[in-house]
Amino acid sequence: MSRIAIPGRDEAPAESQPILDNINKMLGFVPNHYRLMSISPNVLGGWAGLMGSLSKALDLKTREGIALAVSEANGCDYCLAAHSYVSTNLAKIPPEEIDLNRQGRSSDSKRQAAVAFAKALIETRGKLSDAQFAAVKDAGWTDASTLEMIALTAQFLLTNFVNNAVRTPIDFPEVRPAKAV
C-alpha cells in the first residue's frame, strides 16, 4: 500500500496537468508514479525538465538499458516494471536483452560499457575505479556521453527513491522482482 495517497488524474494540481497530458499522449495512460509526483508541481516539473533534456542523450535502447540496470541495483520493482514495459513496447528491446540489462550487461559491446558503468555508479555511490571509468572511453563513448550516463543514472535514482520510499503500487505488467539488495 502506498504511503502517500495517489491522486486521480483529474485531482492533480492544475500546474501538473500539462505534464500529465504529455505522459498520457506518450503512454496512453498516466501511471501511478507520475500522478504521485504531480502532488508537487515542483517535483514533477523538475523531473520532467531533467527527463526532457536527457531524452536527447544517447539512444533510446542505451537509456532504457541504464534505467533497467539502475532500477535492479536499487531494488525498485515499480521502475523495473515500468522500464520493462517501455523497453518492450517503445524501444523494441527483446526479453533476453532486458534480462541482460537488469544485470548491468548487454549483448552490444558499446551498450555493455554504458550499462555496466551505470550499475557501477550505483554500487560504488559514484566512486568508480579508474578501470571502470576508462571502460566507457575504451568502448568509444565521449566525455559528453559519459556525463550523460551519470546524469541519466541520477534521474533513474530519483524515481527509484520515490517509488521505493512511497511504495507506489505497480500499474504496469508485473515482472520478476529485483534481487534483494
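To start, this report covers the structure provided alongside it. (Residues numbered from 1 in each chain as written. Predicted model: local features only at pLDDT ≥ 70, side-chain atom pairs only at ≥ 80, totals over all residues. Heavy atoms only, no water.)

Overview of the overall build of the protein chain
And then number 1: From N to C terminus, the protein chain includes nine helices and zero strands.
And then number 2: Its helices and strands taken in sequence order, the protein chain reads α-α-α-α-α-α-α-α-α from the N to the C terminus.
And then number 3: In summary, the protein chain has a C-alpha radius of gyration of 16 Å against a globular reference of 16 Å for 181 residues, a match within 12%.
And then number 4: Each principal axis of the C-alpha atoms in the protein chain carries an extent, and together these give about 50 × 30 × 30 Å.
And then number 5: Across the 181 residues in the protein chain, those meeting the buried criterion constitute 45%.
And then number 6: Long-range contacts, defined here as pairs at least 24 residues apart, represent 70% of the contacts in the protein chain between residues at least 6 apart.
And then number 7: Accessible surface, the protein chain: about 9,000 Å² in total, of which carbon and sulfur atoms supply 57%.
And then number 8: Distance from the positive charge centre (19 side chains) to the negative charge centre (19 side chains) of the protein chain: 2 Å. (Helix = DSSP H or I, 4+ residues; strand = E, 2+ residues; numbered from the N terminus. Rg over C-alpha atoms; globule rule 2.2 N^0.38 Å. Buried < 20%, exposed > 50% of the residue type's maximum accessible area, 1.4 Å probe, protein only. Contact = heavy atoms within 4.5 Å. Areas by Shrake-Rupley, 256 points an atom, 1.4 Å probe, with all protein chains shown as cover. Lys, Arg positive; Asp, Glu negative; His and termini not counted. Charge placed at Lys NZ, Arg CZ, Asp CG, Glu CD.)

Looking at the pattern of salt bridges
And then number 1: Counting across every chain of the model gives six salt bridges.
And then number 2: Notably, a salt bridge pairs Arg9 with Asp21, separated by 2.0 Å at the nearest N-O pair. With Arg9 in the segment before helix 1 (17–27) and Asp21 in helix 1, the pair connects residues that are twelve residues apart, well separated along the chain.
And then number 3: With its nearest N and O atoms 3.6 Å apart, the salt bridge here joins Arg176 to Asp99. Placement of the pair is Arg176 in the segment after helix 9 (143–166) and Asp99 in helix 6 (residues 95–102), with a sequence separation of 77 residues. (Salt bridge = Lys/Arg side-chain N within 4 Å of Asp/Glu carboxyl O.)

Describing the packing of aromatic side chains
And then number 1: Applying the stated criterion to the full structure yields five aromatic pairs.
And then number 2: Put simply, the rings of Phe29, Tyr78, Tyr85 and Phe172 touch in pairs and so form one group of aromatic residues. (Phe/Tyr/Trp six-rings, centres within 6.5 Å; stacked < 30°, edge-to-face > 60°.)

Regarding helix 1
And then number 1: Within the span of helix 1, buried status applies to Gln17, Ile19, Leu20, Ile23 and Leu27. Seen end-on, helix 1 carries its buried residues on one side only, within an arc spanning 155°.
And then number 2: Packing partners of the buried residues in helix 1 comprise helix 2 (32–37), helix 3 (41–54) and helix 5 (77–89).
And then number 3: Positive phi appears at Gly28, one or two residues downstream of helix 1, with a value of about 85°. (Arc of directions from axis to C-beta.)

A look at the packing of helix 4 (residues 60–73) against helix 6
And then number 1: Interaxial distance between helix 4 and helix 6 falls to 7 Å at its minimum, and their mutual angle equals 50°. Comparing their axes, helix 6 and helix 4 come out oblique. Crossing geometry of helix 4 relative to helix 6 is assigned as right-handed. Contacts between helix 4 and helix 6 pair Gly65, Leu68, Ala69 and Glu72 from the former with Ile98, Asn101 and Arg102 from the latter.
And then number 2: Looking at the contact of helix 4 with helix 6 residue by residue, the class counts come to three nonpolar, two polar and two charged. (Axes fitted to C-alpha atoms, helices over the stretch in contact; angles between N-to-C directions. Parallel < 35°, antiparallel > 145°, perpendicular 65-115°, else oblique. Left-handed = near helix turned anticlockwise from the far one by under 90°. Nonpolar A, V, L, I, M, F, W, Y, C, P; charged D, E, K, R; others polar.)

A look at the environment of Val175
And then number 1: Within the fold, Val175 resides in the segment after helix 9.
And then number 2: For the pair Val175 and Leu80, spaced 95 residues apart in sequence, the C-alpha to C-alpha distance is 7.2 Å.
And then number 3: Excluding its chain neighbours within four sequence positions, the residues that come into contact with Val175 are Leu80, Ala81, Ser84 and Arg102.

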